Every structure is written in structure tokens, then in C-alpha cells.
Amino acid sequence: MYNYSKLGHFTWTATLRECGSLTNGARSRPTMATPSSGGLEILLSTLQNAGDIESMLNILNVLDELLSAGTDRRIHHMISKGGSEALLMALVNSARSFTPNYTILLPLLHLLAKVGHRDRQIGLKAQKADAVLVVLGLLRQNAMNARRAAACLWVLRVFCSSVTTADLLGKNRGLDVVFKLVSPHTTKNLRTVKAAADAFAAMLCSKVNCRTAVAKGYIADLLKVYEDWHNNDTNLKNIPIRRALLHCMHRAANSSVGRDAIVAEGGISLLFQTTQTCLSMKGLESLVEPAIQLMRKCNPKVPLPLTSDKSAYSFPLPGRPVDDWDADLVLYDGSLEDDSDEDTENEEPDNRDYEDDLETDVNKLRPRPEPDRPLEQLGQYVHLCPELHHDFQDLDSGSEVDESSDDDSALEGDLNNKTPSEQGGSPSLSDQEENHLQTSDFHKHYLSCSRKGQEGHSSMVDRLLEKYGTCIPNHDPRLYTATAANTKSVAGYSILAFPDFWGHLPPQEQEPMAKRPPHVQRKKVFEDIQRLVCPEDIINKVVFDMDDPSPQCSPDMCPSSLRFFSKFESGNLQKAIQVRSHEYDLILNADVNSSTHYQWFYFEVSGMVAGVPYRFNIINCEKGNSQYNYGMQPVLYSVREALEGRPHWVRTGSEICYYRNHFCPRRGQKCSFYTLTFTVTFHHDDDVCYLAYHYPYTYTTLQTHLKMLEKSVDPQKVFFRQQNLCDTLAGNSCSLVTITACPTSRAWKHLHQLRNRPCVVLTARVHPGESNASWVLKGTLEFLCSSDPVAESLREAYIFKIIPMLNPDGVINGNNRCSLTAEDLNRQWLKPDPNLSPTIYHTKGFLYYLNSIGRTPLVFCDYHGHSRKKNVFLYGCSMKETLWQSGSPINTVSLKEDPGYRTIAKTLDRIAPAFSFNSCNYLVEKSRASTARVVVWREIGVLRSYTMESTYNGCNQGIYKGLQTGTRELEEMGMKFSQSLLTLRRNSIHYNSRLIQHAPALLDLDDRLLDHKSNNCFEDDEPPCMEEIEYSSCSDPFGANELDMEVNGNTSSAEEDEDDAEVCRTGRRRNDSKSRLVPHYLQQDSLESLTIKSGQCNGIDISNGYLC
Ligand SMILES: [Zn+2]
């Protein structure tokens, strides 16, 4: 391990010899007897017991040199061997002697500072050794001696790593002693001033000390001192001192009294002004960041400018008192719930938590199909398998009669069926002259609810379509309008959002992720602070309020303000407040009947001036981080552009960032919100635009789409049925779609083949804010209805049962997460309530039914959106992988598990560019026990039960790397997912030349396990954000190395050298910056080599106390 023969290499023998000679000890060669004895222990023991100065000095020197020569590992080794205690004892012994000898004390203090800084227990150890007040006493005695004072201050600072030590110092007037040395601007004893500021900051880790500091006026003094340094440190030589002063205030601001004091003393204004100067000067970067974080921290918390945290919408629930959901507030009070499902939200659990979450109970990991209801109740689902009972008479007659479809009436779009609902305050469009058909006139499409208005409305739509007519596949504005009449919303919407009405086509160009400008968050936060500092500049005018039917701001009253609107299907914006001429604070509405869940937004904005950047701040976001910090942009739809032939949702916005703000819910200050800010420059004057979190996809869009699809398929070939699974709480239909191939004839053989096709069950949009899931499902539906040869094969191979929207009410009412019950429907699968969660209850019932007739689905997949990760990936369920990952002692060899659950992901890895195999995982978490994926796997016994997560942002791999996903890519993913299913049936499908030509990638698969590893789903793909999203943390900005350098400087300083001559007397000083106390002859070698193992040092015996 170490070499005796190489000269120049430090060896244990050499060290001891050196020490031995220094201590005038025995001349004999030391011998090693006890295996565990180490040279280090001997040095430490000698240090505590050595009587003479010279030997102590030399040991200190040896130690210091050893420790400074390498990495921190050495110091940690020394700490583990009792190094801190030895130094503390030596210090106490020396300091208590009749005349303290600073020749020893100074290097001791220096070494203690360095070691203590790396010893988390140093504070407690110092208390135990009675060293705390000894050092404080030394500081008192040496306040006028800058070098000694600095050494004491460093040691006190490291002692304060323990709050109780800081408290002890505070009780003994330590704050006063130290603060005396925190001087206003000076050119002398700078090292000591900085050490005092650092020590003062360290003592403020204690709340008691913070209160004392406030009571004694030290906060005001600190601000004055900071200002003085700011004004006089013109040559910028003392930035570290200024930073240290900021750090003191940061520490003080960890307590509310500290924050209040900083605000009361005008601290925010002072920091704002000084920081403004810093921003304009080069070299002051390092002051800007802490100053801004400090201002954020002190910016007093303000409840959202709302009258209540509750959603603007409430809905009476069956069997619950009307205002029962108030009770939820108690639950939510104080902390935001963890509303994660397959997404990870808010706080990321660390790995250990995650592993604790893994299910390790084998009984719970074993699929056990056992209905949660009596078998006789399953009979009600018979009609949902029309393909099994259909006689296909039309195959022979050639007729297209299709009586089993029970949802055809709406195709007629009978507008007169709907009862009139409020029309809002705008003039009817039928009154408009044709030549007034400008964008702003028809942005609000009234449903023709009154007979009177119908003619005018229809003719306007006709004129529009004639003039600008779009051609969007599977979309028809007229049908959309007709379908919308049957959509039931809590608020009774009567207006259509233009994009949903008109339709969307993905833009031609792919859209790269947005580049984050440097320091964008700093700039935004600075502007936010400015509101507090210069309140007179803030307009603070409510320009839109959903609760207030008569907006204070009519277009005539303030023509320069933007206008907002959100009362349409899937819309979400509760309030808009103009804060500056081109800046608006936007507040999102909570989910219906709830007071939380804010993320989804979708609103209309108009009245803009082209070419002007408008800043939008959504100020009540909930999540701890967002893809908006990693290149994602919101989406925008311009009516003007649409009418000019570009009906696109496009990614938009610059200067985007996401950070914690100073707003809190009305119910309490314990939780706070995050701001999503983005700037939009509109292309047209007076356009009508829509902004959304992600590409909207409404319930009416789905219903329209299903009707279009049904019309599009050839009923001789494609069996397509849309049926009502059940009604939702609000009375909307939850659709179930069946797609399969019609048999080629009514021959028994063909009917038999059909009736034996395995089922694939697909569901989506249980979470209303995850509109991406709907676009993926749209891709699946369209592909399955297409004439593509793979689609034909899929229809021949499977019966698809698709529930495209599990939460219609949530989608319609602009919810982000829940249904009308304010509950996450993807947490209801274990025991769904038939009255409160009917869509889940009946989906599960239908799955049980399939299971009961021996038709357990081959595949189940629930489509979701993921807000924190890029790419698309699957979560599945594997008993073995879960047990392995959890470190369970259960022997998995005897457990049988079909590895087929991995096949789909392997196929997607090859064929779907947005798909990321490495993000997939097959672990069963306890916290997910009530999700669709886990329940369908365990209770229904579906081996391939998945959640498919699609990013809101884009990809970081494959051909889409660096691009944001559009609806085209999402739809493609849905298509690829369907295609991948073919690989499960390779042995039974009918091969034809068209298929072979079209799908080589699908057919040419081998079953070799790819060398992919499934990942922990809680792993955050993203690196930490380049700017601090939070501001509450206050880590010591000064690293150990900085302290080391300061300590080292104290030795070689020319400021005052009464000791230097003596120190240098023993030898020459190396020209090495690492040189410390005294010269020495040691070379770089690891401390560990000081530990002697038995047998490696023959004949060396130190057990006889040779050095002691
Ligand atoms: Zn979800």
C-alpha cells in the first residue's frame, strides 16, 4: 500500500521519526504491535497530552500539512478518528493555562476552523469539551488583535453548525461581541470584518438569536453597514464582505421577525436600489443573486386577490349537502395534497421513500380476479358487446342499416332541442352587417338556443365557412355547433371558443423548444419586487372576473386594456388584473367543488396592439417545478390567422419561467403559489386569440369526432359502434366505442373468428388537464378506422373497446385534475362509488363482465399526460420487478410471471419516435394501488395493463429531440401504439403482401430481451433549474475552500506578524500556496496510509507509549 523504498514519499515511519525527534522521545525504532493502532491516533493523542510547545506545534504542523495536501477525505478520516475532540481538548487546555500562548493557540484555532467546518458534529463536540465559551472568551480578550480575533471568529462560526451552540453563544452575549467587529466600510483588518460577518450570520441560524438581533436593532445596523460598504467600496475590492453581510440578512430572514424587521427598516427598497446599481456594473454578479433572493424572501405574503379559495363553480352532489365540499378545506389547510397519480408532482420523494412505497406483499402483487360486486349485476353490460350478438344480415343484403348504434340522433344537430340559456351581454351576431364580419365580431359563437337567433346564427356560420371555409379532416364546424348544444356544463356555457368550433390543423413547421434567456427569472422577480417598492406605478385594475357578471372594465372604459374571456367549454381563467400597461396577473379557477388543483388554463384574449410584448403571469400555479422551465411554451390560436387559412394552435411566448411567488391561498400562509410568466407579442391588431396550457380537446370535440369517424368508415368492413357506457353526474354521456373488422361473410367460421378475437381496452382523459391524452387517443381512433393494411389486420385480430373520455364533466368545466366530486377519478378504482364516480364504476364493471365471459382483455391502456417529463413512456405492472426493486427478501425464482408485459414497449421503442423505453417502468407502488393500471392488472387479471404518459413538452431523444410535440406527433403516438399491438398476434394474423410491405418493422421482431433497464418513475429527468425556483432555502454560500483560504491568509498575512517570525524560525517556507504553519518535509500522501495494518510494519512497536 505504501512504499518504504521510494524516497520523497511520506511514510508512517518517517512521520513518527520526525515527531519522535521533535519530541525528544526514545530513539529506538517504533514497532507495531496492535493491529488497530494507527499513526493518526498517536498524533492526536500526543497533541492532547504533549507538554511542550515545540512538539505540539510540530504535530499541528504535520496535521495541517497532511490535511491540506489532499482532498476532504483526509479530514473526514481524521474526524472519524476523534480529530475534532483532540483539537478541542488541546485548545481548552492551552487556553486555560495561566498565560495563554498564542504561538500554539493561533495554529490550533486555524486547524480547528478547517476541521470543524467539515465536521457536522463540531458544535456539539465543542459544547461537550466546554470549548464554546473558551473561544468566546478568547475573542473578548483579543477583540483588538485582528489576527487572533479572526481565528476565534472562524471557530465560532463553525461551532454554530449546531443551533444549540449558537443559542449558547447568544445567551452569553456572543452577538454583541461579534457584531462590534462587523464594521462599516474600512480598509483595515478586512479579513476580520469578513470573519465577523460570517460568524454573525452563523449565529443567526438560531431563531432565538434572530429575535435578539432584531430586538437590539442589529438588522437596521446591518442594512446601514451594507449600504455603507455599497457606497464606499467603489473599487469593488470587498465583494466577499458585502456578500457576507447579505448572508447575515438571509439568515435573519429565515424568521418572520427577521423578515418583518428588514421590511420595516426599508430593507427591500435599499436592496432594490443597491441591486439596481449592481446590475449596471460589471463584477457585481455575485451580489445580485443573493440580494434578489433576499428580497423574494422578505416580500410579504399576500393572499390571492379573490374573495374565496373556492372554485367559482359548485355542483350539488348526490347524497351530499350542497356546501359539503367546504370540509375539504380542512383537509387542504396548511399543505397542498400530493395529487400525483402517475405524474410526480410537488415534492419529489427521494429514492428511499420511493422504495418504501413499493408493494412487497406478494398477495397484493398476485393477480386475483374477484369481482367487487355480485355477478348478477354484470348482466347489464351485455349490450356493450354488440359485435358478439350482431347477426350481420347487412353483409348479405348489402344494406347499411345500423340499428344498434344508439347515439345517432345528435347527428341531426337538432338545435331546437336545447332550452334557452343566458346569452351574455354582447349583441347577437345575427344583427351584424355582413361587411362588419371582422374577426372581433365573431369570436363568440352563440349557440343558437333561441329560435329567433337561429337563422341569423346559421347564416353567419354559412357565410363564414363560405368565405374562409376550412377543410380539417374529421371536423365539421356545423356539426360541432350542433353537438355542443347537447353538452351540459355547470355554468351553462352558451358560447363556443373559436378554435374548437373552427378546428385545428398542426402547423407545417416543427417547433423547437424555447431557449431560456439568461437570468430571465431574475429579471421577472426584480419586476415583481418593483411592485412593492414603487406601488404607485402599479395599475392593479381588474379587467376580468368570472364571479362578477358586470366587469368593471368595459372596452369603452379602458380601450388600452386587453380583454379576457373564459366562459366556454374547457375554459379556465377566473380573474385577470392589469398590473402595468402591458402586464397582467391571471388567476386560475380551482376544480369544481374544490379549492385546489390549478394548472390547466384556456382563455380568450382580445383588444391587443400588434408588435407589443404583453407579459402574462399566472400567479396561482401549484406544482414545484414545470416543463416551462425546460423549453416548453404555452399554445396560442389566432382567429385572424385561422381565417387567413392558418387554423393552427402554435407554441408561443418568450421570457418564460416558473418560480415560487409571494402569493398564498386565502386559507393560510403555509403554502404558497408559483408564477408561470410568459410574454406574447401578437401579430395582428385587435385580433382575437386563445391561450392554453396545451392543445385543447373538448368533450364536444370528441363527440363530434366520433360522429365523423362513424360516418367515415365503410360499414361493410368496419364494425364501429358508439354507445353510452353511462351518464356522468352532470348528465353527459360517457361514450364507449367498439371497433373491429366485420366478418367477411355470415358463415359460421367467420362469425366464430370474430367472436374469438381478443379484446383490447383503451381509456383516456381521466385527468381533464391532460388534453395530450385525447390527441393521442384521436390518433389511435383514426388509425383503427383507416384503410391502412396494419389497421385492417388489427381489426381482424382484435375487438377494440375504447372509452375516450373517462371524465367528461371535468373536461367540460375546465377542471385540471378531478371530476365534479373534487376527487381524482384515477384514485377511485379500488372501490368506485356508482353514484359519485359512475364512469369508473361502469368501466370496471364492464371489465369484470369481459372477465366473467372469459374474454379478459389482452391489453389495457389508460392514456395520460405527464407534466414533468419529456417523451412518451409506459408504466406497467410486474410482480418480480417490484420485489427486486424493493429489495424484498422473497425469493422470486419460484414465482411465475409472463415476461410478455414488456413486448409492447420493446416494439414502441423501435417504431415510435417519441417513445422512450428507458423511461418505462413496471413497478407497483402502494400509493398507486387505486389507479386504473394497478387495479385492472390485479383485479381483472390483465397482464399488459398500462398507463401511457405523454409529455406536454417534447422529446430529448430520437428524431424529435429538442422539439416540442404538436398534435401531429401526439396523434402519431396513438397510431404507433395501436400498431405495436400487432406484434402480440404475429402468429395468428393473416399475412398478405400489403401488410408485409407496410409493416416490416412490426413483423420483423425478435423476442430477444433488449438490454433496457426500467427506471424509477420518480426520477426527475430534468437537471436542477439554472435559477432557484424556491427562495426559502439558505445554504451557506461560502465553501470550505473559501474558509481554508481565509485561514491560510491569516498566517502569512503581513498585516500584523508578531508571531510570524517565531513560526518561521523552525525552517524554510515552501513556495507552495498550501504551506501552512511551519515547514515540513512531507509529500502528498493519503492520511489513510498513516493507519498501519498488522504485519506491514515489521518490528515497529508503538504500543509502549513511545510517543506519549
Ligand atoms: Zn394523469
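Numbers given to residues run from 1 along each chain, matching the order in which its sequence is written. pLDDT decides what is reported in this predicted model: residues at 70 or higher carry local features, side-chain atom pairs at 80 or more are listed and counted, and totals for whole chains, interfaces and linings draw on all residues regardless. Side-chain metrics rest on all non-hydrogen atoms present in the structure, leaving aside hydrogens and water.

### Focus on the overall build of the protein chain
Step number 1: The helix count covers DSSP runs of H or I at least four residues long, the strand count covers runs of E at least two residues long, and both are numbered beginning at the N terminus. A count of helices and strands for the protein chain gives 42 helices and 24 strands.
Step number 2: Partly exposed residues are those whose accessible area sits between 20% and 50% of the maximum for their type, while under 20% is buried and over 50% is exposed, using a 1.4 Å probe and protein chains only. Each of the 1108 residues in the protein chain was classed as buried or not, and the buried ones make up 61%.
Step number 3: We call two residues contacting when some pair of their heavy atoms lies within 4.5 Å. A sequence separation of at least 24 residues applies to 80% of the contacts in the protein chain between residues at least 6 apart.
Step number 4: Looking at the protein chain as shown, the accessible area adds up to about 43,200 Å², and 51% of this sits on carbon and sulfur atoms. Here, Shrake-Rupley sampling with a 1.4 Å probe gives the accessible areas, and only protein chains in the shown set may cover a residue.

### Some details on the coordination of the zinc ion
Step number 1: With water excluded from the atoms, a metal site may look incomplete; its donors are any N, O or S atoms within 2.8 Å, or within 3.2 Å for Na, K and Ca. For the zinc ion, the full set of protein donor atoms is His-767 (ND1), Glu-770 (OE), Glu-770 (OE) and His-864 (ND1), and the range of their distances to it is 2.1 to 2.3 Å.
Step number 2: Sequence spacing of the donor residues for the zinc ion, all on one chain, is H-x2-E-x93-H. Linking Glu-770 in the loop between strand 19 (759–764) and helix 31 (771–784) with His-864 in strand 21 (residues 859–866), this pair joins segments that are 94 residues apart in sequence.

### Overview of the layout of surface pockets
Step number 1: A 1.4 Å probe that fits but cannot get out identifies a cavity on a 1 Å grid over protein atoms alone, an open set with protein on both sides within 12 Å along at least five of seven lines counts as a pocket, and a residue lines either if it has an atom within 4 Å of a point. Grid points are joined across faces, edges and corners, and a volume is the space filled by probe spheres set on the points. Of the voids in this model, the second largest pocket is the one considered here, and its volume is about 440 Å³.
Step number 2: Around the second largest pocket, the lining comprises 19 residues; the ones closest to its centre are Ala-741, Cys-742, Thr-744, Arg-757 and Glu-796.
Step number 3: Looking at the lining of the second largest pocket, the elements that each hand over two or more residues are helix 30 (748–755) and helix 32 (789–797).
Step number 4: Tallied by class, residues from the lining of the second largest pocket come to six nonpolar, seven polar and six charged. All residues other than Ala, Val, Leu, Ile, Met, Phe, Trp, Tyr, Cys, Pro, Asp, Glu, Lys and Arg, Gly among them, are scored as polar; the first ten of these are nonpolar and the last four charged.

### So, the sheet that holds strand 9 (residues 602–606)
Step number 1: A strand pair is defined by DSSP finding two or more bridges across the two strands. An order of 6-9-16-11-12 is seen for the five strands of this open sheet, with the pairing classed as antiparallel. The open sheet has two edge strands with one neighbour each: strand 6 (563–565) and strand 12 (649–651). Shown here is a sheet whose adjacent strand axes are inclined to one another by a mean of 30°, direction ignored. Between the N-to-C directions of two axes lies an angle of 0 to 180 degrees, each axis being a line fitted to C-alpha atoms and, for a helix, fitted only over the stretch in contact.

### Thoughts on helix 31
Step number 1: The span one expects for a helix is its residue count, reduced by one, times 1.5 Å. Between the first and last C-alpha of helix 31 there are 20 Å, a value that for 14 residues agrees with the 20 Å anticipated at 1.5 Å per step.
Step number 2: The buried fraction of helix 31 amounts to 14 of the 14 residues, a majority that puts the element mostly inside the structure.

### Digging into the sheet that holds strand 20 (residues 799–803)
Step number 1: What the seven strands build is an open sheet, ordered 17-18-20-19-21-23-22; its pairing is mixed. Bordering the open sheet on either side are strand 17 (718–727) and strand 22 (872–875), each of which pairs with just one other strand. Across the sheet, the axes of successive neighbouring strands diverge by a mean angle of 20°, strand direction being ignored.
Step number 2: Where strand 22 and strand 23 (residues 944–951) come together, four bridges link them in antiparallel fashion. Across the sheet, residue Phe-873 finds its bridge partner in strand 23, namely Glu-949.
Step number 3: Where helix 32 meets the sheet, it contacts strand 17, strand 18 (733–741) and strand 20, and its direction lies at approximately 100° from that of strand 18.

### Considerations on the environment of Phe-915
Step number 1: If you trace the backbone, Phe-915 turns up in the loop between helix 36 (903–911) and helix 37 (932–940).
Step number 2: Along the backbone, Phe-915 and Val-872 are 43 residues apart, and their C-alpha atoms lie at a distance of 4.6 Å.
Step number 3: Those residues in contact with Phe-915 that sit more than four places away from it in its chain are Val-872, Phe-873, Leu-874, Ala-905, Leu-908, Asp-909, Cys-920, Gln-957 and Met-973.

### What about the pattern of salt bridges?
Side-chain pairing between opposite charges can occur once the charged atoms of the two side chains come close.
Step number 1: What makes a salt bridge here is a side-chain nitrogen of Lys or Arg within 4 Å of a carboxyl oxygen of Asp or Glu, nothing more. Counted by the stated rule, this structure contains 38 salt bridges.
Step number 2: The salt bridge partner of Glu-971 is Lys-778, with a shortest N-O separation of 3.3 Å. Linking Glu-971 in helix 38 (residues 967–980) with Lys-778 in helix 31, this pair joins segments that are 193 residues apart in sequence. Lys-778 carries the same exposure label as Glu-971, and that label is buried.
Step number 3: One continuous salt-bridge network, built from bridges that share partners, spans Glu-527, Asp-528, Arg-531, Arg-580, Glu-583, Asp-585 and Arg-615.

### Details of the packing of aromatic side chains
Step number 1: Note on ring pairs: Phe, Tyr and Trp rings are taken, using the six-membered ring of Trp, and paired if centres are within 6.5 Å. Classes follow the plane angle, with under 30 degrees stacked, over 60 edge-to-face and the rest tilted. In this structure the tally under the stated criterion is 37 aromatic pairs.
Step number 2: Judged by centre distance (5.8 Å) and plane angle (70°), the ring pair of Phe-568 and Tyr-690 falls under edge-to-face. Here Tyr-690 lies in strand 16 (residues 688–692) and Phe-568 lies in the loop between strand 6 and strand 7 (575–580), a separation of 122 residues in the sequence. One exposure class covers both Phe-568 and Tyr-690, and it is buried.
Step number 3: Above the plane of the ring of Tyr-102 lies Arg-148, whose end atom (NZ or CZ) is 3.8 Å from the centre.
Step number 4: One cation-aromatic arrangement involves Arg-721 over Phe-719; the distance from NZ or CZ to the ring centre is 4.1 Å. Only Lys NZ and Arg CZ are tested; either one counts as a charge over a ring when it is within 6 Å of the ring centre and within 35 degrees of the ring normal.

### Description of unusual backbone geometry
Step number 1: Despite not being glycine, Arg-173 shows a phi value in the positive range, around 60°.
Step number 2: Note on placement: Arg-173 falls in the loop between helix 10 (163–171) and helix 11 (174–179).
Step number 3: Phi is positive for Asn-871, which is not a glycine, with a value near 70°.
Step number 4: Note on placement: Asn-871 falls in the loop between strand 21 and strand 22.
Step number 5: Its relative accessible area of 2% is what places Asn-871 among the buried residues.

### Considerations on the UniProt feature "active site" (unreviewed entry) in the protein chain
Step number 1: UniProt positions are given in the numbering used here, feature names are shortened, and annotations may be inferred rather than shown by experiment. According to UniProt, the positions carrying the feature "active site" (unreviewed entry) are Glu-949.
Step number 2: On the basis of relative accessibility, which here comes to 0%, the residue Glu-949 falls in the buried class.

### Some words on the nonpolar core
Step number 1: Counting residues in each nonpolar core, the largest one holds 145 residues, and the members touching the most others are Phe-564, Phe-616, Leu-874 and Phe-977.
Step number 2: The contacts of Phe-616, once residues within four sequence positions are left out, are Leu-562, Phe-564, Tyr-584, Leu-586, Val-605, Leu-676, Thr-677, Phe-678, Val-680, Phe-682 and Leu-691.
Step number 3: The nonpolar core is taken to be a set of buried Ala, Val, Leu, Ile, Met, Phe, Trp, Tyr and Cys residues, with the residues joined through side-chain atoms within 4.5 Å. Leu-67, Val-177, Ala-202 and Val-520 belong to the second-largest nonpolar core, a separate cluster that totals 113 residues.

### Comments concerning the pairing of strand 8 (residues 583–587)
Step number 1: By the criterion of burial, strand 8 is predominantly enclosed, with five of the five residues buried.
Step number 2: Alternating positions in strand 8 separate into two faces, Glu-583, Asp-585 and Ile-587 on one and Tyr-584 and Leu-586 on the other, with burial throughout.
Step number 3: As paired strands, strand 7 and strand 8 are joined by five bridges and run antiparallel to one another. In the sheet register, Gln-578 faces strand 8, and the bridge partner there is Tyr-584.
Step number 4: Taking the residues between adjacent antiparallel strands as the criterion, strand 7 and strand 8 are bridged by two residues.
Step number 5: Judged from the four bridges that link them, strand 8 and strand 10 (residues 613–621) form a sheet pairing that is parallel. Its bridge partner being in strand 10, Asp-585 is matched across the sheet by Asn-617.

### Considering the side chain of Asp-545
Step number 1: Topologically, Asp-545 is positioned in strand 5 (residues 541–545).
Step number 2: An unpaired buried charge is present at Asp-545: no salt bridge exists, and Lys-575, the closest side chain of opposite charge, is 4.0 Å distant.
Step number 3: With near-sequence residues (within four places) excluded, Asp-545 lies in contact with Gln-574 and Lys-575. Only four residue types enter the charge count, namely Lys and Arg as positive and Asp and Glu as negative; His and the chain termini do not.

### Comments concerning the packing of helix 34 (residues 838–852) against helix 37
Step number 1: At a closest axis distance of 11 Å, the pairing of helix 34 and helix 37 adopts a crossing angle of 30°. Considered as vectors, helix 34 and helix 37 are oriented roughly parallel to each other. Here helix 34 runs over helix 37; the crossing is right-handed. Here Lys-844, Leu-847, Tyr-848 and Asn-851 of helix 34 come into contact with helix 37, specifically with Val-935, Val-936, Glu-939 and Ile-940.
Step number 2: Partitioning the contact of helix 34 with helix 37 into residue classes produces five nonpolar, one polar and two charged. Angle categories are assigned with fixed cut-offs, so that under 35 degrees is roughly parallel, over 145 is roughly antiparallel, 65 to 115 is roughly perpendicular, and the rest are oblique. In this scheme the handedness of a crossing depends on how the near helix is turned from the far one: anticlockwise by less than a right angle means left-handed, clockwise means right-handed.

### What about the environment of Phe-526?
Step number 1: Relative to the elements of secondary structure, Phe-526 occurs in helix 27 (residues 520–533).
Step number 2: Put simply, Phe-526 and Met-295 are 231 residues apart on the chain and 8.7 Å apart in space, counted from C-alpha to C-alpha.
Step number 3: For Phe-526, the residues in contact, after removing those within four places along its chain, are Phe-272, Thr-275, Gln-276, Leu-279, Ile-292 and Met-295.

### With respect to helix 35 (residues 879–886)
Helical periodicity: at 3.6 residues per turn, an α-helix aligns residues three or four positions apart in one direction.
Step number 1: With six of eight residues buried, helix 35 is to be regarded as a mostly interior element.
Step number 2: Met-879, Lys-880, Glu-881, Thr-882, Leu-883 and Ser-886 are the residues of helix 35 that are buried.
Step number 3: Looking at the packing, one finds that the buried side of helix 35 touches helix 21 (362–365) and helix 37.
Step number 4: The N-capping residue of helix 35, defined by a side-chain oxygen 3.4 Å from the backbone nitrogen of Lys-880, is Ser-878.
Step number 5: Looking one or two places after helix 35, you find Gly-887, whose phi comes out positive at around 70°. A 3.5 Å cut-off defines polar contacts: any pair of N or O atoms within that distance qualifies, except that in protein one atom must be a possible hydrogen donor and the other a possible acceptor, and neighbouring residues in sequence count only when both atoms are side-chain atoms.

### Re the packing of helix 18 (residues 285–298) against helix 27
When two helices pack together, their arrangement is given by the angle between the helix axes and the distance between those axes.
Step number 1: Where helix 18 meets helix 27, the closest approach of the two axes is 10 Å, and the angle between their N-to-C directions is 45°. Classified by the angle between their axes, helix 18 and helix 27 sit oblique to one another. Handedness of the helix 18/helix 27 crossing: left-handed. Contact with helix 18, carried on its side by Glu-285, Val-288, Glu-289, Ile-292, Gln-293, Met-295 and Arg-296, involves Gln-521, Arg-522, Val-525, Phe-526 and Ile-529 of helix 27 and no other residues of that element.
Step number 2: Grouping the constituent residues of the contact of helix 18 with helix 27 by class yields six nonpolar, two polar and four charged.

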